[in-house]
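Here is what each chain is made of, one letter per residue.
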Amino acid sequence: MLNLFIPSSKYQLEQFKLYTDNFKEELEDEIEKMYIVVRKQTINLPKCFGLNEKNPYEKLIDNSNKLIERAQYGKKQKELLEKHLKMYNVKYIHSIDVAYDSKRVGIDLNLFNDENIKILWTSGLLHDIGRFAQLRLTGTFKDAESFANESFGKITDHGVLGEKILLDDERIKMFYPLTRVYDKFVASVVGNHFESKVPDYPIEINNDTYKKYSISEIIKDVNNNVFSAKTTYDKLISWYVKIIQDVDRLDILKQIERGDFVPLLSNDKRDNVNPLVYDLFYNGKYISMSELRKKGIWTCNAGQLLRWSFIYQLSLVSTIRNIKSLNLIEKIWDKNPIENLKPGYDFTLKLMDALIETSPDGVYVDRAKALSKVR
């Protein structure tokens, strides 16, 4: 097996901090420029706000209102900066958590050699790299709002944006500077982690291909058109994507539990969940925020069902066991129990048990069997 040098996780974390700090500095510079403009405009206001005028009151009121408007604008921008910095910090910690959890799952599965584990860790660290640019460019992490603009072209979500950044801006070179062999592979994992466009290969727990061969050897075989190498390559991307998607959803639940993200929930009747949303939820269907908005049935409480539906989207039993051992769903519920969400909460707890119990190998979930057991 060919061994290529991959820098330590400590080195890559340093590069990741440098990269994400760059976006913060750009935002801070922009806000500082705004402050300078406000200061200049304020200085240009007539001295004493017009008190030297023969009839100063009208001028005094006019200038005072202008000053108040500019002060309010400055305050708003400062609050926006603080909000964005908090969002950056949450996403920064999330990225590191996903890297380490991906590594843990990779080791537990006992499928990969050391090189694969290291690149899985890197892929987990970079999986949300597009989020930082997304916030900087659009001011939000909501993909449906961010990428509706035609200026983004074929970019449909933050994963695709991350893939483009890693390849076009060559930022990926910061993370393993001595070889370019992994670039497209890692970028493809990042590009597919949100909505996978690669074939869905079930994880084969008895497959030792990725213990025997390095990623670089597989890539070499793909480039040389060696028989079945493309399937081997796509399968590895699919497995990486599954692992990262699982731990990504796991960490979102962790964020809610520890208060990094506080969902807006309501006991108001107007925020009740539409029966159509429950129908999607009970049948294991994808709950799309944008589609529900189009139909006029999106509510903040429907968002909680969307987050609980992450459980059904998980691929690995180990992730579900982790959620259960941490009592994440129960702790999130206890923070803000909304009575009309109780059926969804109870269903989620039963679904987790069913996903574990119906697993054919104790590793990979059988969603259809689990769903038929709880419906």
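Presented here is a report on the structure given in the accompanying data block. Values in this document were obtained by computation on a predicted structure and should not be read as measured data. (Residues numbered from 1 in each chain as written. Predicted model: local features only at pLDDT ≥ 70, side-chain atom pairs only at ≥ 80, totals over all residues. Heavy atoms only, no water.)

**Observations regarding unusual backbone geometry**
Right, on to step 1. With a phi angle near 60°, E170 is a residue other than glycine that sits in the positive phi range.
Right, on to step 2. Considering the arrangement of structural elements, one finds E170 in the loop between helix 6 (158–168) and helix 7 (183–192).
Right, on to step 3. A relative accessible area of 45% means that E170 is categorised as partly exposed.
Right, on to step 4. Although it is not a glycine, N225 adopts a positive phi angle of roughly 55°.
Right, on to step 5. Residue placement: N225 occurs in the loop between helix 9 (215–223) and helix 10 (229–258). (Helix = DSSP H or I, 4+ residues; strand = E, 2+ residues; numbered from the N terminus. Buried < 20%, exposed > 50% of the residue type's maximum accessible area, 1.4 Å probe, protein only.)

**A word on the packing of helix 3 (residues 114–126) against helix 7**
Right, on to step 1. Relative to each other, helix 3 and helix 7 sit at 45°, their axes nearing to 9 Å. With respect to helix 7, the axis of helix 3 lies oblique. For the pair helix 3 and helix 7, the sense of crossing is right-handed. Where helix 3 approaches helix 7, its residues I119, S123 and L126 are matched on the opposing element by F185, V186, V189 and V190.
Right, on to step 2. Within the contact of helix 3 with helix 7, the residues separate by chemical class into 6 nonpolar, 1 polar and no charged. (Axes fitted to C-alpha atoms, helices over the stretch in contact; angles between N-to-C directions. Parallel < 35°, antiparallel > 145°, perpendicular 65-115°, else oblique. Left-handed = near helix turned anticlockwise from the far one by under 90°. Contact = heavy atoms within 4.5 Å. Nonpolar A, V, L, I, M, F, W, Y, C, P; charged D, E, K, R; others polar.)

**Some thoughts on the side chain of S359**
Right, on to step 1. Mapping S359 onto the fold places it in the loop between helix 17 (342–357) and helix 18 (367–374).
Right, on to step 2. In this structure the side chain of S359 is engaged in a polar contact, spanning 2.9 Å, whose partner is the backbone oxygen of Y364.
Right, on to step 3. In contact with S359, not counting residues within four places along its chain, are V317 and Y364. (Polar contact = N/O pair within 3.5 Å; in protein donor to acceptor, adjacent residues only side chain to side chain.)

**With respect to the environment of T140**
Right, on to step 1. Inspection of the secondary structure assignment puts T140 in the loop between helix 4 (129–138) and helix 5 (143–146).
Right, on to step 2. With relative accessibility at 14%, the residue T140 sits in the buried group.
Right, on to step 3. Polar contacts involving the side chain of T140 include one to the main-chain amide nitrogen of K142, which spans 3.0 Å.

**What to know about the packing of aromatic side chains**
Right, on to step 1. Scanning the model with the defined rule gives 17 aromatic pairs in all.
Right, on to step 2. Ring geometry for F112 versus Y240: centroids 5.9 Å apart, planes at 75°, classification edge-to-face. Here F112 is found in the loop between helix 2 (56–109) and helix 3, whereas its partner Y240 is found in helix 10, with 128 residues between them in sequence.
Right, on to step 3. Y240 sits in the buried class, given a relative accessible area of 0%.
Right, on to step 4. Ring centres 5.4 Å apart and planes at 25° place the aromatic pair Y278 and Y282 in the stacked group. Of this pair, Y278 and Y282 both sit in helix 11 (residues 275–282), 4 residues apart, roughly one helical turn.
Right, on to step 5. Exposure remark for Y278: the relative accessible area of 11% places this residue in the buried category.
Right, on to step 6. With a relative accessible area of 27%, Y282 lands in the partly exposed category.
Right, on to step 7. In this structure an aromatic cluster arises from ring pairing among F112, F185, Y210, Y233, W239 and Y240. (Phe/Tyr/Trp six-rings, centres within 6.5 Å; stacked < 30°, edge-to-face > 60°.)

**Quick word on helix 6**
Right, on to step 1. Every buried residue of helix 6 is listed here: H158, G159, V160, L161, G162, I165 and L166.
Right, on to step 2. For helix 6, the capping residue at the N-terminal end is D157, with a side-chain oxygen 2.8 Å from the backbone nitrogen of G159.
Right, on to step 3. Phi turns positive one or two residues past the end of helix 6, at E170, with a value near 60°.

**Things to note about the nonpolar core**
Right, on to step 1. Core analysis: the largest hydrophobic core is formed by 63 residues, its most contacted members being F112, F185, V186 and Y240.
Right, on to step 2. Contributing elements (two or more residues each) for this core: helix 1 (9–43), helix 2, helix 3, helix 4, helix 6, helix 7, helix 9 and helix 10.
Right, on to step 3. Beyond its immediate stretch of four places on either side in the chain, F112 contacts G106, I117, L120, Y210, K211, L236, W239, Y240 and I243.
Right, on to step 4. Counting residues in each nonpolar core, the second largest holds 40 residues, with A302, W308, V317 and L341 among its members. (Core = buried A, V, L, I, M, F, W, Y, C linked by side-chain atoms within 4.5 Å.)

**Comments concerning the side chain of D21**
Right, on to step 1. With respect to the secondary-structure elements, D21 resides in helix 1.
Right, on to step 2. Among the polar contacts listed, one links the side chain of D21 to the side chain of K17, at a separation of 2.8 Å.

**Digging into helix 16 (residues 328–335)**
Right, on to step 1. Turning to helix 16, its buried residues are L328, I329, I332 and W333. All buried residues of helix 16 project into a common sector of 130° when viewed along the axis, lining one side. Away from the buried face of helix 16 by more than 90 degrees, exposed residues D334 and K335 are located.
Right, on to step 2. Against helix 10, helix 13 (300–308), helix 14 (310–313), helix 15 (317–325) and helix 17 lie the buried residues of helix 16. (Arc of directions from axis to C-beta.)

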